[in-house]
Amino acid sequence: MPAKNFLRNGFWIFLCLLAFAPWTTRAQSREYQIKAAFLFNFAQFVTWPPTTFADTNAPFCIGILGDDPFGSSLEETIQGEKVNGHPLTIQRYRSIQEITNCQILFISRSENKQDVLESLKGKKILTVGDSDDFLKNGGVIRFVTEEGKIHLRISLEAAKNADLTLSSKMLRLAEIVEPEKN
Amino acid sequence: MSFKNIPIRKKLMAVNLLISVTVLFLTCAAFTTYEIITLRKGMVQGYTTRAQIIAANSTASLAFQNESDAADVLNAMKTDPRIMAACIFDNTGKIFAKFPTNTPDSFFPASSGKSGYQDDHLEIFCPVVQGGRTLGTVYLQSNLSALTDLYRAYAGLAAMIIASSILVAYLLSRTLQKQISVPILALAQTAQAISNRRDFSIRAIKIGDDETGLLTDSFNQLLASIEERDKVLQTVNESLRAEISERKRAEDALARERNLLRTMFDVLPDYIYLKDEQSRFVLCNNRRAEDNATSASVDNLVGKTDADFFPPEEAARFRADELKVLGGTPLIDKEETLVRPDGTRQVILTTKLPFRDSSGKIVGLVGYGRDITERKQAETKLQAQLARLELLNRITRAISERLDLRSIFQVVIGTVEERLPLDFSSVCLYEQNTNSLTVAGIGVRSETIATELGLTKDTPVDIDENGLSRCVHGQLVYEPDISDSKFPFPQRLARVGLRSLVFAPLLVESRVFGILISARRQPHSFSSGECEFLRQLSEHVALAAHQAQLYDALQEAYEDLRQTQQAVMQQERLKALGQMASGIAHDINNAISPVALYTESLLEKEPGLSPRARDYLTTIQHAIEDVSHTVARMREFYRQRETQLTLAPVRLNELVKQVIDLSRARWSDMPQQRGVFIKMETHLAPELPVTLGVESEIREALVNLVFNAVDAMPEGGTLTLRTKISENAPHFVQVEVSDTGVGMDEDTRRRCLEPFFTTKGERGTGLGLAMVYGIVRRHSADIEIESAIGKGTTMRLNFPVPATQITETGKSMAAFTVPTRLRLLIVDDDPLLIKSLRDTLESDGHFIITASGGQDGIDAFRKAKERNEPFTAVITDLGMPYVDGRHVASAVKSISPSTPVILLTGWGQRLVAEGDVPPHVDRVLNKPPKLRELREALAQCLHSNES
């Protein structure tokens with residue numbers, strides 16, 4: 001039977017390759033649309049220390065460091081939204097130095113995360129990334145895509161270092177990891 | 001049963017229960033409704049809350065698109081079985097997660113629905129909001145089992161509550177309804193009782209002062225007034241009833257009375273009738289009807305008149321009478337004599353009264369007739385009877401006044417002859433022995449006929465075969481016609497013209513002693529009443545005659561009785577005298593005892609007694625003996641002579657001598673005082689045979705004869721006493737007492753032996769010769785009396801001589817040797833007697849102890865016995881005060897039975913004679929005691945003791 005199984009499996013793989021190949025780009029954008037929504041949702045489930053905001057009308061800023069994989073989906077997501085009365089703004093940062101007042105920072109795969117994260121130590125910023133060793137380098141939340149679904153991995157230590165309080169609801173959905181492990 | 005009719009108790013309870021249940025039900029319903037509304041609201045709220053929780057918990061899942069987590073959250077719904085389904089819609093309305101997971105999507109409604117109850121379930125929609133953003137919607141669907149469970153629970157609870165409440169309410173109302181129902185029921189019961197018993201005196205009992213109490217009060221007041229009215233009603237009722245029953249009774253009584261009256265009316269033997277103005281019968285009783293018409297009844301008499309039954313002239317007479325009555329004059333007790341068709345005469349006593357109607361107008365007459373025919377006849381008979389009775393009465397009265405036969409007969413014949421009347425009447429006496437009749441009386445008018453007949457007084461008449469013979473056998477003989485009689489006596493009577501004849505026997509104790517002869521010239525002229533009258537008359541005459549005879553006998557008997565009574569009275573007198581004499585004798589005997597004893601002792605023992613003293617003493621001794629004999633004779637008065645004589649040999653010659661001595665005072669001393677001399681001669685036959693008799697009695701008889709002889713010679717004369725052997729009868733010895741005195745005539749001689757016959761007047765008792773005669777007869781002897789007036793009298797007693805000559809066996813004193821030195825106890829209450837006895841007996845050489853009374857004597861005897869010096873013999877007096885000789889004797893014998901007891905008594909002869917020798921006494925000696933007798937007695941007693 002192995003020959004037969006093989007033939008059947010190979011056929012299906014083939015068909016799948018044929019089907020997905022033309023849609024890779026579109027899949028890419030779909031993934032980040034979700035990630036953009038997630039970024040926005042983090043603002044709902046994470047509490048920043050009060051000192052983060054100068055006043056109640058101070059903007060809540062979601063920053064992207066490095067290459068912007070979201071396109072316009074992030075903007076679409078936050079349009080017309082507010083977080084606890086704070087208006088939402090999106091900042092795209094090219095370098096780390098540009099980061100001044102930012103609450104959520106997505107660190108693109110393009111960046112050297114170790115450095116970045118090292119430099120962000122002590123700042124009240126929720127760092128989010130999707131690279132493999134993101135948490136190891138000191139990131140707080142990492143997107144993990146498994147079986148077509150995006151999961152969260154969270155380093156509580158990093159969150160604590162950034163003086164952030166993460167909602168238990170969110171933590172229930174996420175995988176809590178130690179930074180050394182991954 | 002409709003509600004109106006159920007009892008008030010149940011009604012009250014039902015109302016109570018209905019109210020309680022209604023209220024309770026409404027309460028429960030309201031409460032339940034409220035509860036259900038609240039519950040529904042609460043359920044919505046609860047599920048909304050639950051949906052909100054799910055929503056809160058599913059924000060992160062929605063935000064981070066984690067379906068499994070959302071499914072987990074929904075899965076928590078499984079704890080609630082009522083939740084049928086649940087789901088979470090995302091903000092696009094797409095189902096994000098569902099519960100249970102296998103529920104098809106089509107089951108769920110659109111996400112835009114509204115919360116609320118659907119048909120059989122509850123839907124809840126709840127938005128999922130995070131930070132002001134709506135992430136999706138939670139949907140819950142629950143079934144209504146909670147509600148239905150609750151409904152059920154409530155229903156059960158309500159049912160329980162209602163049930164228990166009803167129970168409690170029932171019990172409470174049951175108890176509490178009494179507050180109202182009891183008084184009412186009591187009232188009702190009272191009313192019931194009243195109506196049942198019709199007793200309005202019952203009163204309801206008041207319970208409390210509420211309206212029921214008021215009701216009770218008014219009820220009672222009502223009752224009171226009813227009771228009062230009831231009483232009035234009852235009284236009225238009673239009186240009405242009484243009136244009715246009274247009337248009923250009256251009616252009954254009336255009916256009864258009418259019946260009674262009619263019956264009585266019919267029963268009456270008299271004629272009672274009612275006639276109208278035309279003398280027609282309107283009403284009559286049975287008697288009247290039966291009498292008048294042959295086939296009569298009450299009915300066919302009505303309407304008829306007397307003219308229909310009686311001859312015209314009689315009817316006219318009746319009519320005339322009745323017209324007077326109708327005119328208003330009553331006819332009272334008119335005697336009417338009617339001749340009945342059969343020829344008999346009838347006497348009717350008629351009374352007719354006018355009969356008036358209520359207005360007083362005379363409308364008829366009431367007649368009353370009594371048949372008095374028989375009464376009339378009876379009256380006539382009665383008259384005759386009465387006349388005869390009166391005659392009988394007269395005759396009876398007349399003869400009852402007469403006691404001699406002849407005058408009785410004369411009265412009877414005379415009256416009968418005149419009054420009956422008779423043509424001939426006679427009484428003949430019947431002599432049974434000769435069987436002949438003697439004419440004892442003839443009527444005055446009958447004299448001529450009697451003379452014709454040759455029948456005069458004391459003429460004997462022969463007894464005929466017929467007629468008279470029948471009559472002398474006690475029958476009344478009636479010969480209606482003797483004209484052709486065959487018998488001689490009737491023929492004799494017929495010859496002188498007599499025709500009818502009645503012989504009536506004179507009967508006494510069924511013995512004919514005479515005949516009453518009645519005759520008339522008319523044949524058949526004696527009616528049965530006259531025959532009966534003659535029979536009765538003959539009975540009366542017989543009785544009267546008999547009474548006359550009896551009267552004579554009675555007279556005789558009375559005379560005898562009178563004499564006997566006098567004799568008895570004399571005897572009683574003598575008895576009293578004798579008792580007195582007996583007492584005197586006893587005292588004299590006691591008094592002379594010492595004299596006798598000393599005299600005898602002196603004569604016997606005294607040495608050197610001068611001849612003169614001896615002579616004197618001898619005379620004293622004789623005198624004492626005389627006294628003793630005199631006393632003994634005195635006792636004879638009283639003594640009843642015993643019929644059995646203890647005969648002893650008697651020497652008549654000696655007796656004669658004694659008699660001369662004893663009577664000396666009478667024939668010698670007393671006549672001499674009067675200057676009269678009586679010469680005493682004695683001619684005693686030598687060798688006279690001994691005869692048997694009682695010496696004292698014969699002596700007494702002789703003394704009596706001597707006294708009589710002396711009395712017969714008041715001028716003196718010769719008194720001769722003679723004994724001889726009878727000349728014509730050799731077995732008799734004779735004692736003669738002859739005097740030369742006045743003598744007796746024949747009559748006196750005949751009667752001289754009768755008791756109480758005396759010639760001596762008051763001086764004599766008339767008993768002397770009678771006593772003599774009695775003594776003589778007892779000795780089988782007889783008495784001859786020879787007397788001639790002026791010559792004197794000889795009384796001769798003839799005593800028979802027993803065939804075998806008796807040899808005298810008198811015991812001589814020598815037969816007994818009297819021991820000396822005896823210890824003797826003498827008991828007597830007379831000290832003189834004691835002393836004399838002691839002296840004389842001591843002089844005999846005896847040792848004497850004396851005691852002055854019975855008890856002393858007994859004590860002395862007992863002491864002596866105890867001292868072992870017993871007495872040889874005891875001599876005791878009989879009559880002593882307290883303890884007498886009998887007691888002493890019995891005491892002595894009880895102490896020492898062998899010691900002889902000699903009783904000394906003034907009554908001695910009497911005791912022996914009457915067989916009254918007391919027990920325990922060996923010998924009885926008379927007072928005055930003689931030494932000789934004492935010695936003899938002692939010797940005998942001791943001798944018999946020794947033997």
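About the criteria used
Residues numbered from 1 in each chain as written. Chains lettered and ligands numbered in written order. Predicted model: local features only at pLDDT ≥ 70, side-chain atom pairs only at ≥ 80, totals over all residues. Helix = DSSP H or I, 4+ residues; strand = E, 2+ residues; numbered from the N terminus. Buried ≥ 20, exposed ≤ 12 C-beta atoms within 10 Å, placed from the backbone. Contact = placed C-beta atoms within 7 Å. pLDDT = per-residue confidence, 0-100. Core = buried A, V, L, I, M, F, W, Y, C linked by C-beta atoms within 7 Å. Pairing = 2+ DSSP bridges. Nonpolar A, V, L, I, M, F, W, Y, C, P; charged D, E, K, R; others polar. Axes fitted to C-alpha atoms, helices over the stretch in contact; angles between N-to-C directions. Parallel < 35°, antiparallel > 145°, perpendicular 65-115°, else oblique. Left-handed = near helix turned anticlockwise from the far one by under 90°. Arc of directions from axis to C-beta.

Q: Would you mind going over the overall build of chain B with me for this structure?
A: For chain B, the count of helices and strands is 25 helices and 28 strands. Looking at chain B as a whole, 27% of its 947 residues are labelled buried. Looking at chain B alone, contacts between residues at least 24 apart form 60% of all its contacts between residues at least 6 apart.

Q: Which parts of the structure should I look at to understand the overall build of chain A?
A: When its secondary structure is counted, chain A shows six helices and 10 strands. Considering only residue pairs separated by 6 or more positions, chain A has 58% of its internal contacts joining residues 24 or more positions apart.

Q: Hey, could you run me through the confidence of the model for chain A in this one?
A: Low-pLDDT stretches of the model should not have their predicted coordinates read in fine detail. When pLDDT is averaged across chain A, the result is 79; 82% of the residues are at 70 or more. Every residue in residues 18-24 of chain A is under pLDDT 50, and counting partners more than four places away or in other chains gives zero contacts.

Q: It is not clear to me how the nonpolar core should be interpreted in this structure. Could you clarify?
A: Side chains of nonpolar character tend, in soluble globular proteins, to be buried together. Judged by nonpolar contacts, the single largest core of 75 residues is most densely connected at L39 and L126 of chain A. With eight residues, helix α2 (residues 24-45) of chain A is the largest single contributor of residues to this core. Not counting residues within four places of it along the chain, the set of residues in contact with L39 of chain A comprises I62, L74, I104, F106 and V128 of chain A. Within the second largest apolar cluster, 48 residues are counted, among which are I399, C428, A450 and L498 of chain B.

Q: Help me understand the pairing of strand β12 (residues 436-442) of chain B in this model?
A: Side chains on a regular strand alternate between the two faces of the sheet. Residue and element names in this part refer to chain B. β12 sits mainly inside the fold: five of its seven residues count as buried. Here strand β11 (residues 424-431) hands over to β12 after four residues, with N435 in that stretch at a positive phi of 50°. One ladder, built from three bridges, connects β12 with strand β13 (residues 460-462); its direction is antiparallel. Note on β13: the bridge partner recorded for S436 is D462.

Q: So what exactly am I meant to see when it comes to the confidence of the model for chain B here?
A: Here chain B shows a mean pLDDT of 83. Residues at 70 or above account for 93%. Predicted complex metrics record ipTM = 0.77 and pTM = 0.36.

Q: In this structure, what is going on with the interface of chain B and chain A? I would like to understand it.
A: A common way to state how big an interface is: give the accessible area lost once the parts meet. Between chain B and chain A, the contact holds nine residues from the first and 12 residues from the second. Top element by residues in the side of chain B that touches chain A is helix α2 (residues 59-63) of chain B. It accounts for four residues. Among the residues forming the side of chain B that touches chain A, the class breakdown is three nonpolar, five polar and one charged.

Q: What is the right way to look at unusual backbone geometry in this model?
A: Excluding glycine, a negative phi dihedral is what most residues carry, and trans is how most peptide bonds are arranged. All names here are of chain B. Cis geometry marks the peptide bond from F99 to P100; its omega dihedral reads -15°. Notably, S279 is not glycine yet its phi reads approximately 60°, a positive angle. Note on S279: 21 C-beta atoms within 10 Å, which makes it buried. Backbone geometry places E509, a non-glycine residue, at a positive phi of 50°.

Q: Just to check I follow, could you spell out the sheet that holds strand β7 (residues 281-284) of chain B for this structure?
A: Note on sheets: strands pair through backbone hydrogen bonds, and any given pair is parallel or antiparallel. Residues and elements named next belong to chain B. Sheet architecture is open: five strands sit in the order β7-β6-β10-β9-β8, paired in antiparallel fashion. Because the sheet does not close on itself, it has two edges, and the strands there are β7 and β8 (331-339). Neighbour to neighbour, the strand axes of the sheet diverge by 25° on average, direction disregarded. One ladder, built from nine bridges, connects strand β9 (residues 345-356) with strand β10 (residues 362-371); its direction is antiparallel. Bridge pairing links R356 to I362 in β10.

Q: Explanation requested: the environment of I161 of chain B in the structure shown.
A: Summarising the element assignment, I161 of chain B is placed in helix α4 (residues 145-197). Here the alpha-carbon distance between I161 of chain B and F25 of chain B, two residues 136 residues apart in the chain, equals 9.5 Å.

Q: How should I be thinking about the environment of L164 of chain A in this particular structure?
A: All names here are of chain A. Among the secondary structure elements, L164 is positioned in the loop between α5 (156-161) and β9 (165-166). Residue classification places L164 among the buried residues on the basis of 22 C-beta atoms within 10 Å. With 115 residues separating them along the chain, L164 and P49 place their C-alpha atoms 6.7 Å apart.

Q: Could you clarify how one ought to interpret the pairing of strand β2 (residues 95-99) of chain B in this entry?
A: All names here are of chain B. For β2, the buried fraction is high: four of the five residues fall into the buried class. As defined by bridge partners, strand β1 (residues 83-90) adjoins β2 across four bridges and the pair is classed as antiparallel. Each bridged residue has a counterpart across the sheet, and for A86 the counterpart in β2 is F99. Where β1 hands over to β2, the hairpin turn is made up of four residues, of which G93 adopts a positive phi near 90°.

Q: Honestly, the packing of helix α10 (residues 405-419) of chain B against helix α14 (residues 528-605) of chain B in this entry has me stumped. Any pointers?
A: A pair of packed helices is captured by two measures, namely the crossing angle of their axes and the spacing between those axes. Residue and element names in this part refer to chain B. One can describe the packing of α10 onto α14 by two numbers: an axis separation of 9 Å at closest approach and a directional angle of 160°. Classified by the interaxial angle, the pair formed by α10 and α14 is roughly antiparallel. Classified by chirality, the crossing of α14 by α10 is right-handed. Between α10 and α14, the residues in contact are L405, I408, V412 and V416 and L537, V541, A544, A545 and A548, respectively. Broken down by class, the residue content of the contact of α10 with α14 amounts to nine nonpolar, no polar and no charged.

Q: Any chance you could explain the sheet that holds strand β3 (residues 116-117) of chain B here in plain terms?
A: All names here are of chain B. Here five strands make up an open sheet; going across it, the order is β2-β1-β5-β4-β3 and the pairing antiparallel. The outermost strands of the open sheet, each flanked by one partner alone, are β2 and β3. Relative to strand β5 (residues 133-143), strand β4 (residues 121-130) runs antiparallel, the two being bridged by 10 bridges. Residue pairing in the sheet places C126 in a bridge with V138 of β5. Sitting on the sheet, helix α1 (residues 8-57) touches β4 and β5, and the angle it makes with β4 is about 35°.

Q: Help me understand the environment of T415 of chain B, please; the structure alone is not making it clear to me.
A: All names here are of chain B. Of note, T415 is situated in helix α10. Overall, the presence of 19 C-beta atoms within 10 Å leaves T415 in the partly exposed class. Taking the C-alpha atoms as reference points, T415 and L391, 24 residues apart in sequence, are found 8.1 Å from one another. Look past the residues within four positions of T415 in its chain and what remains in contact with it is R394, I395 and A398.

Q: I tried to follow helix α23 (residues 885-895) of chain B on my own but got confused; where do I start?
A: Three or four residues apart is the spacing at which side chains of an α-helix point the same way, because the helix has 3.6 residues per turn. Residues and elements named next belong to chain B. When we look at burial in α23, the residues that qualify are G885, V888, A889, A891 and V892. Looking down the long axis of α23, one finds its buried residues gathered within 165° of arc, a one-sided arrangement. In the core, the buried residues of α23 are packed alongside β24 (823-827), α22 (854-866), β26 (873-877) and β27 (901-905).

Q: Quick question: what am I supposed to make of the packing of α1 of chain B against α4 of chain B here?
A: Residue and element names in this part refer to chain B. Across the interface, α1 lies against α4 with an axial gap of 7 Å and an inter-helix angle of 160°. The angle between α1 and α4 falls in the class roughly antiparallel. Here α1 and α4 pass one another in a crossing that is right-handed. Of the residues assigned to the contact of α1 with α4, the class counts are 22 nonpolar, seven polar and four charged.

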